[in-house]
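Structure assessment
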Amino acid sequence: MPTSAEQQSFKRSNRRDQWATGDDSLLAEHLPHQRALCPLHPFHAAERPIAAPVDGNEATCPNCYCLICDARVSECRHWRGGDAPAHCNAHSNSVLWRQKRVNAKRQRTRAVRAAQRKRGGVTFSVR
Ligand SMILES: [Zn+2]
Ligand SMILES: [Zn+2]
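A brief structural summary. (Residues numbered from 1 in each chain as written. Chains lettered and ligands numbered in written order. Predicted model: local features only at pLDDT ≥ 70, side-chain atom pairs only at ≥ 80, totals over all residues.)

Regarding the environment of Asn57
- You can see Asn57 is positioned in the loop between strand S1 (33–34) and strand S2 (64–66).
- For the pair Asn57 and Phe43, spaced 14 residues apart in sequence, the C-alpha separation works out to 5.7 Å.
- In this structure, Asn57 is in contact with Arg35, Phe43, His44, Cys88 and Asn89, ignoring residues within four places of it in sequence. (Helix = DSSP H or I, 4+ residues; strand = E, 2+ residues; numbered from the N terminus. Contact = placed C-beta atoms within 7 Å.)

Shown next, in the form of structure tokens:
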């Protein structure tokens, strides 16, 4: 039968454990992350971009991001492939995927600049 001192120390260490794990807002699954780094769904890395999802790579949690689109998976149009390699397979250890990411970023920048130019043109014609 435990003495009261032992019970005390048990209670105290129990509480310390709760403190250590109590704040789950800091867990990785609550922060945006690349699909390849998702703590909830295992990722299967393929060296080359493949047209269809590899072995469950299409599974996502609400905070999974598309590495290529730099956007939430819900905003990615090529997550499961289609007319482009499936973005759900993307991971930063592959040179080919890294190139795709750079290209996609360049395209986004170009689209934003084009939109800005358009807006500028409209403003000028109004003046
Ligand atoms: Zn995730
Ligand atoms: Zn994407």
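The discussion continues.
A short note on the nonpolar core
- Judged by nonpolar contacts, Ala36, Cys64, Tyr65, Cys66, Leu67, Ile68, Cys76, Trp79, Ala86, Cys88, Ala90 and Trp97 together constitute the single largest core of 12 residues.
- A total of three residues in this core trace back to one element, the largest contributor, which is S2.
- Among all residues touching Tyr65, those that are not within four sequence positions of it are Pro32, His33, Gln34, Arg35, Ala71, Arg72 and Val73. (Core = buried A, V, L, I, M, F, W, Y, C linked by C-beta atoms within 7 Å. Buried ≥ 20, exposed ≤ 12 C-beta atoms within 10 Å, placed from the backbone.)

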